[in-house]
Amino acid sequence: MKVLIIIPAYNEEKCIRPAYNAIYSLLAQNNIDCEFIFVDDYSSDDTVEKFSSLTQNDSRFTILKQEKRSDPFQARKRGVGAAVGKYIMFLDADDTFIPKACETAYRTIVNKDADLVLFGSKPVKTGNISQKVLNEYARYLRFEDKIRGIYSTKQECHALYFKEAGFGFATSLAKKIFKANTLKQVMGELNSELYLGYGQDLYQLIATMSKTNSLYANNQLILHNYFIGDGVTQLGQASISIEKYKRIVSSANTYKAIEAFVLSSSLGEEEKTNALKCAKKGLLASAQKHLWQLSDDCLAEGITMLRNAWGNDYLNELPLANNLSRIEKFILGSSSTPEDIKRDIRKALPSITSATIDQLTKEVDTYKNSASYKIGYIITTPIRWLARIFS
């Protein structure tokens, strides 16, 4: 068998039928040996039953069941441990590969004789998200266009990925094909007891890149459909639940695991510094960005979660600028002076620190004195008064 595709899943019964149809179509068009390991992460719905009923007569599918709820990292780790193919790919249950993706990826990694091949992904709109959000995510998925080509030494690979300004390419594991021997070595050395939170792909990728001696990148080679909206990726949704946000802020656990690995690894000092800096910035920024997808009545609880998870770092580069109007609406009311602002912030967010209050006060006070705010206030004041009268 040449290529093994590992699919971790948890409570994905709604995705199983379309995912299987896409996989079956993929298999029908490939001219190489492909097999799939489906790792169920202790689902509480009918995920396993539905997948079993679809694949029970097909020897190319293996189903592994976790004995307790873990996370996608542990599910993938188990899949890699059971793999017998020469090359490994990953696929989330709510995404798909395009026709002949496995064959194309396989021939590319063999021809380039690389440990890892990076290919492109196309965002696919699902649910109620705007075209603007879809376009923004498309730009994110294609930010590594400049790195096309072969990197034939460990030094070149490290210089590409562990940059001071940010990691060299996207963390999604589904946009890659790995040499099985390298991946097995990496995953075998990682802690089997870890429970990683949001962003756990990054932990596995940093560990893999620390052992990678060669890679080939071609972001114009689109082999993967990345569904945005209703699935795991919910950046485009107008709002998320507090339960979903709790999982997102668990990215702090992922960072702690990354920190422990990086500090004990054989990476150079500059590479270690860059890796930790970029990991913290990226994971924290994601948690901060999703904060504004919470409803007003959950925002205070979300800020408390963010602070408890990330400690004193939780306000670092908090993107207030694009959310000042919402902050004003949420906690300021008719306040106008800095002292009034501080009072209202304390009342709305009792767990917030003095340093945070000072920062919010400064930001909001600056915003309230800006021309755009004053013009908006003049325009919306009659509407607010009418709302009060008729409420």
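About the thresholds
Residues numbered from 1 in each chain as written. Predicted model: local features only at pLDDT ≥ 70, side-chain atom pairs only at ≥ 80, totals over all residues. Heavy atoms only, no water. Core = buried A, V, L, I, M, F, W, Y, C linked by side-chain atoms within 4.5 Å. Buried < 20%, exposed > 50% of the residue type's maximum accessible area, 1.4 Å probe, protein only. Helix = DSSP H or I, 4+ residues; strand = E, 2+ residues; numbered from the N terminus. Contact = heavy atoms within 4.5 Å. Salt bridge = Lys/Arg side-chain N within 4 Å of Asp/Glu carboxyl O. Axes fitted to C-alpha atoms, helices over the stretch in contact; angles between N-to-C directions. Parallel < 35°, antiparallel > 145°, perpendicular 65-115°, else oblique. Nonpolar A, V, L, I, M, F, W, Y, C, P; charged D, E, K, R; others polar.

Of all hydrophobic cores here, the largest spans 67 residues; its most connected members are L215 and Y245. Ranked by residues supplied to this core, first place goes to helix 11 (residues 269-291) with eight residues. Residues contacting Y245, with those up to four places away along its chain left out, are I240, A287, H290, L291, L294, G302, M305 and L306.

As a further point, take helix 8 (residues 200-211). The buried count for helix 8 comes to 11 of 12 residues, which makes it a mostly enclosed element. Turning to helix 8, its buried residues number three or more, namely Q200, D201, L202, Y203, Q204, L205, I206, A207, T208, M209 and S210.

Glancing now at the pattern of salt bridges. Under the counting rule described, the total for this entry stands at 10 salt bridges. Where R107 meets E103, a salt bridge forms, and the shortest distance between an N and an O atom there is 3.2 Å. One end of the pair is R107 and the other is E103, both in helix 4 (residues 101-112) and four residues apart, which spans about a single turn. Since its relative accessible area comes to 37%, R107 is described here as partly exposed. The residue K272 makes a salt bridge to E269 at a minimum N-O spacing of 3.9 Å. Of this pair, K272 and E269 are both found in helix 11, three residues apart, which corresponds to roughly one turn of the helix. Note on K272: relative accessible area 11%, which makes it buried. Taken together, the shared-partner salt bridges in this structure form one network comprising R76, D92 and D201.

In this section: the packing of helix 10 (residues 251-264) against helix 11. Relative orientation of the contacting elements helix 10 and helix 11 amounts to 175°, with a least axis distance of 10 Å. By the angle class used here, helix 10 and helix 11 are roughly antiparallel. Taken together, the residues of helix 11 that come into contact with helix 10 (itself represented by S251, T254, Y255, I258, E259, V262 and L263) are K272, A275, L276, A279, K280, L283 and A287. Broken down by class, the residue content of the contact of helix 10 with helix 11 amounts to nine nonpolar, two polar and three charged.

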